[in-house]
Protein chains: 2
Amino acid sequence: MDDRIHQHASVLVDWSARITAGDNVVVSVAEGAHDLAVAVADVLGERGANIVTTYNSAEISRAYLRAHETGFEPAPAHEQALYDNADSVLMLGGDRNTTATADVSGETKQAAAQAQKQVREARMSTDWVSTVHPTRALAQQAGMSYARYQDFVYDAILRDWETLAEEMERLKQRLDDGSELRVVSDDGKTDLTMSIDNRTAVNSAASVAYDSHNLPSGEVFTAPVETTVSGTVHFDVPMMIHDSQIRDAVVTFEDGTVVEYDATAGAETLAQILDTDPGARRLGEVGIGMNRGIDQITNNILFDEKMGDTVHFAVGRAYDACLPAGESGNDSAVHVDLITDIGSGAQIEIDNEVIQRNGRFQWEPEFDSSKVS
Amino acid sequence: MDDRIHQHASVLVDWSARITAGDNVVVSVAEGAHDLAVAVADVLGERGANIVTTYNSAEISRAYLRAHETGFEPAPAHEQALYDNADSVLMLGGDRNTTATADVSGETKQAAAQAQKQVREARMSTDWVSTVHPTRALAQQAGMSYARYQDFVYDAILRDWETLAEEMERLKQRLDDGSELRVVSDDGKTDLTMSIDNRTAVNSAASVAYDSHNLPSGEVFTAPVETTVSGTVHFDVPMMIHDSQIRDAVVTFEDGTVVEYDATAGAETLAQILDTDPGARRLGEVGIGMNRGIDQITNNILFDEKMGDTVHFAVGRAYDACLPAGESGNDSAVHVDLITDIGSGAQIEIDNEVIQRNGRFQWEPEFDSSKVS
């Protein structure tokens, strides 16, 4: 077995999930993630954790969803109890076919997602971490050879997380101290403003110790005050959402709600997402990618949203970690990220001060204040 | 997909597990059972059942057990809660390598099995059914080509279960009415006697409606009064137990307890099983194979013990279904079956009356009373 699989498992269990003896761990294994699961089981055994292994098969989901169609029971007792009693959930992604559920209707997927809400909330109340094992299907989705894709994945995952965490802390402080966030492009296609007053940014350093639940990570994100989002954003990075390509989505917000949207591809999928429930038309998250180890889009949100020089916005559910204690943020059955490239001809402003221009932060030597528009 | 996989799934869900809308079902998927799991998910979706899919990977178990070694926690809360809240558990066997855990020590396997006791009891309190999907590894274990093995498996599984259930009911009645059971061979190597007084035989017709939890099935079994077992039995059918071959085991009981045992192969594995706990040295089950669709040993207990013209005895845990209400039978962390061929030169007696001789029952035309010894 590739030694990087063992290193991945160690980072996941020790740095990311911080698992110790006696922890009750659910390991969710995608169809193509078997080898990583074996390596993870090895580390979990060493740590003395208790393990339940679930099989997260897209083909099984497809068969079940197509046969069931509607009337999904919310919170089945056995599934709910499993996650209510888990300390950690390790989600090992790794599809064998990224379009395995392409022939399940959007309505069925929506109904299933809505029924899953309480179970999902229980899972997200644990020290959960989502990661991915490189598969040929994911390599294909990324347009890469398998060997090159493995290098890409491990370059993104096997990083010096402590050092990266310190770098990201700087941006988190700026967001926490700020009141208004604006993202604007020179071409006039993007100009979006939102209040981030009284919200707490998450330094997503790929560890539950930072309230960060993705491996790899390398983003700093917060939850906008959802009623204040105003303006238009052009998502120029093509995304694969629910097995569909979404290209050049342009979304306009008024008083926090999506009032207009279009896309050159995947407009129907976008419509289904936005129509899930009222919360699906509001922003739950704004995130800034800072993992410069990720140097290209691979059609996988786990990586794409962490890429340096990008900003992503998610419609739907907000993360509690960003909200003032006791306050509930935007609520929805969905949480779907879309990405804008801000590496050139664009800037991020906090309270009218440019903090990033053409992909360089104010505190970096390459930051060119003369180019600020 | 082979249409027999869909038929298998239908028999499993409808005839065997009797699953209806709203049932909370755990589907346990072995490494090689993916295709069957997809077909089962399809039927479960149609029935409107709720599904949690677990991954029963021998390679994951091996890694975890070797790293953990000892001190397994009994009844981890998340695992216990999953099965406490399940209505049915469908165990889809299908190894990719039947010796995948051969390098885990017997001590570790024992410790893990003992810690699993409460979880296992919760699982066995559900409408559980164990079945197997044909894999190349199982074909290899059986000494067959893959195509021939698939035929073998589906011949055993896709039967007219209602008719077979009626045939088996005759034997069940004889066992229920009888007080003493004796199995004896002409060569003098087997002569085992036990009380079955006040016990209830199970007509194992591959359905939870018959308290029968294996698919295929086709055996009638009961629990001996465990303190009354006396004599010697020669297990002449070679068995694969815990990844080891056990050949020609000869086991002697006095006052219900194993006092002497040996085998020409696998004696050490047999010793480990018998030393698990005191209950492992007593008989928990005696079963008579009546599935003549299974016409040869394939080194898989799920099939072997159902083969016509055989008797099997299990050391360890007794099934509650065989016991008088309120009475607890033999208790153990293990339940291990060993098989004796009684197709020729042997007979089964109930209360000194020969009910089977050379593989033919008293009520069958081929029964030759002149050959009774």
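Residues numbered from 1 in each chain as written. Chains lettered and ligands numbered in written order. Predicted model: local features only at pLDDT ≥ 70, side-chain atom pairs only at ≥ 80, totals over all residues. Heavy atoms only, no water.

An unreviewed UniProt entry annotates chain A as Leucyl aminopeptidase (Aminopeptidase T) originating from Haloquadratum walsbyi J07HQW1.

### As for the sheet that holds strand β16 (residues 335-341) of chain B
All names here are of chain B. To keep it simple, the criterion reads: Here a strand pair is declared whenever DSSP counts at least two bridges between the two strands. Starting at the N terminus, helices and strands are each numbered in turn, a helix being any DSSP run of H or I of at least four residues and a strand any DSSP run of E of at least two. Axes here refer to lines fitted to C-alpha atoms; in helices the fit is confined to the stretch in contact. Angles between the N-to-C directions go from 0 to 180 degrees.
Read across the sheet, five strands follow the order β7-β8-β14-β15-β16 without closing on themselves; strand pairing throughout is antiparallel. Looking at which strands have only one partner, the edges of the open sheet turn out to be β7 (202-204) and β16. With direction set aside, neighbouring strand axes in the sheet form an average angle of 25°. Relative to strand β14 (residues 283-289), strand β8 (residues 219-222) runs antiparallel, the two sharing four bridges. The residue of β14 that forms the bridge with Glu 219 is Gly 289.

### So, the domain arrangement of chain A
Residue and element names in this part refer to chain A. Stated precisely, the cut-off is as follows: An automatic or database domain assignment provides the domain bounds reported here. Contacts are assigned to residue pairs that have any heavy atoms within 4.5 Å of one another. Accessible area, probed at 1.4 Å, shrinks when two parts are joined; the buried area is that loss added up over both. For this document, the term salt bridge refers to a Lys or Arg side-chain nitrogen within 4 Å of an Asp or Glu carboxyl oxygen. In this classification, the charged set is Asp, Glu, Lys and Arg, the nonpolar set is Ala, Val, Leu, Ile, Met, Phe, Trp, Tyr, Cys and Pro, and all remaining amino acids, among them Gly, are polar.
As far as domains go, chain A holds domain 1 (3-157) and domain 2 (161-371). Each of domain 1 and domain 2 has a C-alpha centre, and these two points are 24 Å apart. On the domain 2 side, the residues contacting the 38 residues of domain 1 number 32 residues. Considering only the surface of domain 1 that becomes buried against domain 2, Trp 15, Gln 141 and Phe 152 emerge as the three largest contributors, covering 22% of it. Linking domain 1 with domain 2 are one salt bridge. Among the salt bridges present, the one from Asp 331 reaches Lys 117, with a minimum N-O distance of 3.1 Å. Of all the secondary-structure elements, those providing two or more residues to the side of domain 1 that touches domain 2 are α1 (3-16), α5 (106-115), α6 (117-124), β4 (129-132), α7 (136-142) and α8 (146-157). Among the residues making up the side of domain 1 that touches domain 2, the classes are represented as 18 nonpolar, 12 polar and eight charged.

### Some words on the sheet that holds strand β5 (residues 180-185) of chain A
Residues and elements named next belong to chain A. Here eight strands make up an open sheet; going across it, the order is β13-β12-β9-β6-β5-β17-β18-β19 and the pairing antiparallel. The open sheet has two free edges, formed respectively by β13 (257-262) and β19 (360-361), since each of these has just one partner strand. In terms of strand pairing, β5 meets strand β6 (residues 191-195) through five bridges, oriented antiparallel. Paired with Leu 181 across the strands is Met 194, a residue of β6. Strand contacts of helix α9 (residues 161-177): β5, β17 (346-350), β18 (353-357) and β19, with the helix running at about 150° to β18, the strand carrying the most contacts. Sheet strands touched by helix α10 (residues 267-274): β12 (249-254) and β13. Its angle to β13, the strand with the most contacts, is close to 165°.

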